[in-house]
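Breakdown of the fold
Chain residues, written in single-letter form:
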Amino acid sequence: MFTGYFSNQVHLTHISLDKKKVKIYVLFCNDHFKTTQGGEHLRPKEFNPDEIVDAAMHVFWERGYAATSIQDLVEGTELGRSSIYNAFGSKHELYEQSLRRYQELKAEKIAVLSGPGSVKERVRALLMEVVNEELSDDKGLGCMTASAALELASHDAEVAAIVTQNLKSFESTIYETLLYAQESGEIAADKDVRALSRFILNAIQGMRVLSKGYLGQDRRQILLDVVEVTLQVL
């Protein structure tokens, strides 16, 4: 077995030797198929795009956009470079899809707001999910949306639009929960539920950042303090 490069266009991926002949398989980097020396086409590796986006999301989430190389994505997705480019266009486009996938996952997490109990109990449950995620996060992943905002949003319009959409969607879910609670009398009529929803969103994002700065044994208590003060505004 031998692997190497003939040129910028042709990648030698496999040499098979037997007593009569040498079979050479090459991959043309600008094509989405393999071909033999005799012109026979081989089927490309089949894959589920959603699974690839999930795998890429975890790579970007852990490393950030700039620090993630194409080789990191190859290793993380177990997909070849040419297949990544052919399927997703570019590293940036794959990052955009990964960021949208992250939003979908977080939307599932905030479903707790639609659960049973008073509005304070449901908001507490949401905040405690954040606390528990942060305390169990050995890799220090934090919030991918917040990371994207800090790293790229100020100079990348496409990423900024996705970040804004993510945050607005989160805020809207909180707002609808609080508005219903206000209409049912759980929250005072003179409270500004739009401002409250933004305050809670800010508390959640702030806890994720705060957690990264406090790595000692008092980190849990610090986060719990934020939870309790946040609930007092309802």
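Report follows, based on the coordinates. (Residues numbered from 1 in each chain as written. Predicted model: local features only at pLDDT ≥ 70, side-chain atom pairs only at ≥ 80, totals over all residues. Heavy atoms only, no water.)

Details of the pattern of salt bridges
- In this structure the tally under the stated criterion is 12 salt bridges.
- A salt bridge links Glu171 to Arg194; its shortest N-O distance comes to 2.9 Å. With Glu171 in helix 7 (residues 157-183) and Arg194 in helix 8 (residues 193-213), this pair connects stretches of sequence that are 23 residues apart.
- Judged by relative accessible area, which is 12%, Glu171 ranks as buried.
- When its relative accessible area of 28% is taken as the criterion, Arg194 is described as partly exposed.
- Put simply, Arg198 and Glu171 hold a salt bridge, and the shortest N to O gap is 3.0 Å. (Salt bridge = Lys/Arg side-chain N within 4 Å of Asp/Glu carboxyl O. Helix = DSSP H or I, 4+ residues; strand = E, 2+ residues; numbered from the N terminus. Buried < 20%, exposed > 50% of the residue type's maximum accessible area, 1.4 Å probe, protein only.)

Observations regarding the packing of helix 5 (residues 119-136) against helix 9 (residues 219-232)
- Across the interface, helix 5 lies against helix 9 with an axial gap of 10 Å and an inter-helix angle of 160°. Taken together, the axes of helix 5 and helix 9 are roughly antiparallel relative to one another. Every pair of crossing elements has a handedness; the one defined by helix 5 and helix 9 is right-handed. Contacts between helix 5 and helix 9 pair Lys120, Val123, Arg124, Leu127, Met128, Val131, Asn132, Glu134 and Leu135 from the former with Arg219, Arg220, Leu223, Leu224, Val227, Glu228, Thr230 and Leu231 from the latter.
- When the residues that make up the contact of helix 5 with helix 9 are grouped by side-chain class, the tally is nine nonpolar, two polar and six charged. (Axes fitted to C-alpha atoms, helices over the stretch in contact; angles between N-to-C directions. Parallel < 35°, antiparallel > 145°, perpendicular 65-115°, else oblique. Left-handed = near helix turned anticlockwise from the far one by under 90°. Contact = heavy atoms within 4.5 Å. Nonpolar A, V, L, I, M, F, W, Y, C, P; charged D, E, K, R; others polar.)

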